[in-house]
Amino acid sequence: MFTMPLIARVFLLISAATLGAGAEFVPPAEGPVPFRRDKLPLDVDTMTSLSRQVVILAGTRAGKTPAELRSVAQMAALALALDPANREARDLIARMKTGEAMAPPDEKQLERARARSWQAKAWLEMPEAGADGQALASCLGDVLAVADPYHPGAGDMRDEGEKGAWRDWVALEPAFQTKKPEAPVMKPEEIPETAPEIEHKALVVNEMRTSMPAWFTDKTSSEPQFSRLAVHLKASEAEPAAKGIQFTVAGDLKGRNFRSAFRGVEAALKERHGSLPSGLQIQIDCGEKTYSFERSGLALTGTTALLLDGAMTGKTPVASALAVVGADGTLELPARFWQSLRACSELPGGMRLILPDEAAEFLKALVVLDDAAFFMENEVLLAGTVEEMLDLAAAEPSPGLAEGLQKFEVIQEVGKDKALGPFVANSSTQQRLREVVTAMPNHASARMLALQGSGNRPRFLDLPVLAREIRSALEPAAYLVSMPLQKIEPATLEQLHETCRGKLDALAGYIDISDRELHKEAVGVADSLRTLGRLLPKKDPFDSVSLLSKQMSTYRAARSDYIAVMRKLNEAAGDGRDFPLPKMVDEP
């Protein structure tokens, strides 16, 4: 009986399709291989089996982008290093060189390959495996991080970057990009006398509305509030045509130059649509509420991009964004992002929320803080550029995106009213979540829910997030530096101590042992509030000068310690620009 070779089963040809535009395969070199086969603590049969499993892992990469092609090249190189006679690995390289597309591998084979590869990596990382075994473990870890992205250890491995010695063995990612042909040099007689006139596209609708999670103020309170804020865009064309888009924003402007801030929006929309209406004028307002630029920063640029694209297509975006559009069209985190994300998790669910790729490092912290329900109640997606964001927010997404979105909708529907922990830990749910991620690698909700149900979710907050949480807990203590000693109320200090300690004590279970000193210093600042509060009411008719001196020194020490700890927290968080240190009032 004829048996189809493994490589054919794993990479069935879909068609004679070629690789995605802008990417081409670069075969791996024969070496230098960072380990010697004869020095590995594996027998020949195990090396041969592991080699075949690595080939199966290659089926998880679509091979359409330079990054995916390089991953395939790494897996093929590793498979051949383990077993130079692996014909399937060589067939894989030959097929990739011709640009043939491939279908995903059999799920059972893939799960087995993943499990055995992780087991092999765990053993090879041990000191007993020797330097060559550990070098193989590093390479194996790099390919597993992309081939099994939802494994509990994969996220940290990707964050830490590649550990394997791939240099001169597998080309760097830029080498997998298609080289653009040079533009032909035109002869003088071929150059047209006048440039062709640019055809400006017209708006389909002049008004568009959506909502975004944002900080705002209104007539009821001068303190910023956080909610889903209605945003209204009105567009018109100036006569005579003005140069570039003119943006007018109602809100807490504080003299900001919005022509510069929205330049990235204009450039990205021009690239997407070919051109924009001549003399376009954009007015943005939030009704009776005033968008807070101090708290939300330039996150309004991301929402403006969604609305302007909607005006160009006539279709309302079906997602909200919490992202800043950079000058080059990439998405960036807005000011005070963690504070806004925490506030988002307290809002009613039902959002499809698009965040910048950079947000990924913060999302895991919500799982640590037992707030994984946020990812079930809302569909959180990541995007790196305006183009990606607009595709994710489209009312009629592409077939590939539609598949992932529909699969997650089913998970939400089935899991409604069920206890989250047991539901996401169920093997069937885990499989469905993997399917969503396969269709949409940027589906953050599916990733985080898979992590929550993996049985190995992270327990501690990373230092930058921990610093933000501690800083938030200590913010009420700013009262110390905002008031001169004679105006401080002891009862207020007692109340602030209880507030700060309550928040700090709640964080204790999420702190790694290496970060406890910072938390301890913050607790000391909180306790100094109570110490000062109990000292101020005291009276000493026999030595009032000494008592006043002690009160003053305690007051000064508490203020100094508060500023010092807040400075440390800003440094650890890395966002001190958004949280300037408070200025001390003059002492009496």
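A quick note: this is a predicted structure, and the numbers were derived from the prediction, not measured. (Residues numbered from 1 in each chain as written. Predicted model: local features only at pLDDT ≥ 70, side-chain atom pairs only at ≥ 80, totals over all residues. Heavy atoms only, no water.)

(A) Representation of the sheet that holds strand E10 (residues 379–383). As summarised here, the arrangement of the three strands in space is E6-E9-E10, forming an open sheet in which the pairing is parallel. On the outer flanks of this sheet lie strand E6 (320–321) and E10, each paired with one strand and no other. In this structure, E6 lies alongside strand E9 (residues 352–356), joined through two bridges in parallel fashion. Across the sheet, residue Ala321 finds its bridge partner in E9, namely Ile354. (Pairing = 2+ DSSP bridges. Helix = DSSP H or I, 4+ residues; strand = E, 2+ residues; numbered from the N terminus.)

(B) Main features of the sheet that holds strand E5 (residues 290–291). A sheet is described by the order of its strands in space; here five strands give the open sequence E3-E4-E2-E1-E5, paired in mixed fashion. Two strands in the sheet have a free side with no partner beyond their single neighbour: strand E3 (246–249) and E5. Pairing of E3 with strand E4 (residues 280–285) involves four bridges; the strand directions are parallel. Looking at the pairing, Gln246 lines up with Gln281 of E4. Across the face of the sheet, helix H12 (residues 337–344) comes into contact with strand E1 (207–218) and strand E2 (221–237) while running at roughly 105 degrees to E1. (Contact = heavy atoms within 4.5 Å. Axes fitted to C-alpha atoms, helices over the stretch in contact; angles between N-to-C directions.)

(C) Fine view of the packing of helix H18 (residues 427–439) against helix H19 (residues 444–452). Here H18 crosses H19 at 150 degrees, and the two axes come no closer than 9 Å. Relative to H19, the element H18 is oriented roughly antiparallel. The way H18 lies across H19 gives a crossing that is left-handed. Contacts between H18 and H19 pair Gln430, Leu433, Val436 and Val437 from the former with Ala446, Arg447, Leu449 and Ala450 from the latter. Grouping the constituent residues of the contact of H18 with H19 by class yields six nonpolar, one polar and one charged. (Parallel < 35°, antiparallel > 145°, perpendicular 65-115°, else oblique. Left-handed = near helix turned anticlockwise from the far one by under 90°. Nonpolar A, V, L, I, M, F, W, Y, C, P; charged D, E, K, R; others polar.)

(D) Up close: the pairing of E4. By the alternation rule, side chains of E4 split into Leu280, Ile282 and Ile284, which are all buried, and Gln281, Gln283 and Asp285, of which none is buried. Relative to E4, E2 is paired through six bridges, and the arrangement is antiparallel. Bridged to His232 within E4 is Asp285. (Buried < 20%, exposed > 50% of the residue type's maximum accessible area, 1.4 Å probe, protein only.)

(E) Quick peek at the packing of aromatic side chains. Tallied over the entire structure, the rule returns eight aromatic pairs. Taking the centre distance of 5.0 Å and the plane angle of 65 degrees together, the rings of Trp215 and Phe226 count as edge-to-face. Taken together, the positions of Trp215 in strand E1 and Phe226 in strand E2 put the pair eleven residues apart, joining distant regions of the chain. A residue is classified by how much of its surface remains accessible, and Phe226, at 14% relative accessible area, is buried. Aromatic pair Phe337 and Phe362: ring centres 5.5 Å apart, planes at 65 degrees, arrangement edge-to-face. Placement of Phe337 in helix H12 and of Phe362 in helix H13 (residues 360–368) is noted, with a sequence separation of 25 residues between them. Accessibility expressed as a relative area gives 4% for Phe337, which makes it buried. (Phe/Tyr/Trp six-rings, centres within 6.5 Å; stacked < 30°, edge-to-face > 60°.)

(F) Summary view of the confidence of the model for the protein. With 88% of its residues at a pLDDT of 70 or more, the protein shows a mean pLDDT of 84. Confidence over residues 1–21 falls short of pLDDT 50; this stretch has 46 contacts with residues more than four positions distant or in other chains. (pLDDT = per-residue confidence, 0-100.)

(G) Fine view of the pattern of salt bridges. In the structure shown here, the tally under the stated rule is 25 salt bridges. Lys407 is the salt-bridge partner of Glu435, the closest N and O atoms lying 3.5 Å from each other. Residue Glu435 is located in helix H18, and its partner Lys407 is located in helix H16 (residues 399–415); the two are separated by 28 residues in the primary sequence. For Asp575, the salt bridge is made with Arg468, and the minimal N-O distance between the two is 3.5 Å. Of the two residues, Asp575 sits in the segment after helix H24 (544–573) while Arg468 sits in helix H20 (residues 463–474), which places them 107 residues apart along the sequence. Residue Asp575 shares its accessibility class with Arg468, and that shared class is buried. Overlapping salt bridges bring together Glu111, Arg114, Asp148 and Arg434 as one network. (Salt bridge = Lys/Arg side-chain N within 4 Å of Asp/Glu carboxyl O.)

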